[in-house]
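Now for the letters of each chain:
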Amino acid sequence: MAKSKTGEFKMDKPYGLTMRGIVKNSNEEILILRRHPKSRTNPHKWELPGGKVDPGEFFDEALVREIKEETNLDGAVGDFYEAIQDDYVHKRTVQVVMYLKNITGDVSISDEHDNWMWANLEKIKTLELSTAFEKVLKKKKSKFNYSFLALAFSSDIAIISP
C-alpha cells in the first residue's frame, strides 16, 4: 500500500471481483467463449463465461446476470469450484469460479465475445486461454495431480443439450 498526500493508505492497484461459471452440456463439455479481438484484456483468448460484480451486488446474483448477458442462458448458482487472483497493469482481480445448474435457453453470445464452443478437457488444452483460465487449470492441476477439471467433467451439475 502507498500513502496518499493526506496520509491515508491506498492500494497500489484496485481490486475487483469477477465471477466465472462452469456450464456443461449433456456430452459433459464445458461452455467457453472467445474474447473479442479488441478486448482490453486477453484479446481473442478463450475463457469461461462471467464478469465483474457491480458495487453493492451480491456475487451469486452477479454470476447469474453475467451468464445471461454473455450467453443468453438462465440458471442458478451451484457449488464453488476454484478461486484465483489475476493481475493486470491497471488492476487486480479475484476470480471465483462456480458451477451453474438448472440451465435453460439457447446460447447466443454478446458483443464482448466473437465465438463460443462446447469443449472437453482435451480440446481446452489446445486453445489459447485467458490468463485467469490458465491459472485455474494450473491450480487444479497441481491440487489434483493432472486431473484438473475432472470434477467439472464428471459432475452431473448444469447439464443442458448442445
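See above for the structure.
Source: prediction; values computed, not measured.

Q: It is not clear to me how the sheet that holds strand 8 (residues 74-87) should be interpreted in this structure. Could you clarify?
A: Consider a sheet: its strands pair through backbone hydrogen bonds, and that pairing is either parallel or antiparallel. Pairing is mixed in the open sheet, where four strands are placed in the order 7-3-9-8. One side of each edge strand has no neighbouring strand; the edge strands of this open sheet are strand 7 (50-52) and strand 8. Averaged over neighbouring strand pairs, the angle between their axes works out to 20° when direction is ignored. Summarising the sheet, strand 8 and strand 9 (residues 92-104) pair through 10 bridges and their orientation is antiparallel.

Q: Could you clarify how one ought to interpret the side chain of D86 in this entry?
A: Tracing the sequence through the fold places D86 in strand 8. Among the polar contacts listed, one links the side chain of D86 to the side chain of T131, at a separation of 2.9 Å. A polar contact is formed between the side chain of D86 and the backbone nitrogen of A132, at a distance of 3.5 Å. Apart from residues no more than four positions distant in its own chain, D86 is found in contact with K91, R92, T93, Q95, T131, A132 and K135.

Calculation criteria
- Residues numbered from 1 in each chain as written.
- Predicted model: local features only at pLDDT ≥ 70, side-chain atom pairs only at ≥ 80, totals over all residues.
- Heavy atoms only, no water.
- Pairing = 2+ DSSP bridges.
- Helix = DSSP H or I, 4+ residues; strand = E, 2+ residues; numbered from the N terminus.
- Axes fitted to C-alpha atoms, helices over the stretch in contact; angles between N-to-C directions.
- Polar contact = N/O pair within 3.5 Å; in protein donor to acceptor, adjacent residues only side chain to side chain.
- Contact = heavy atoms within 4.5 Å.

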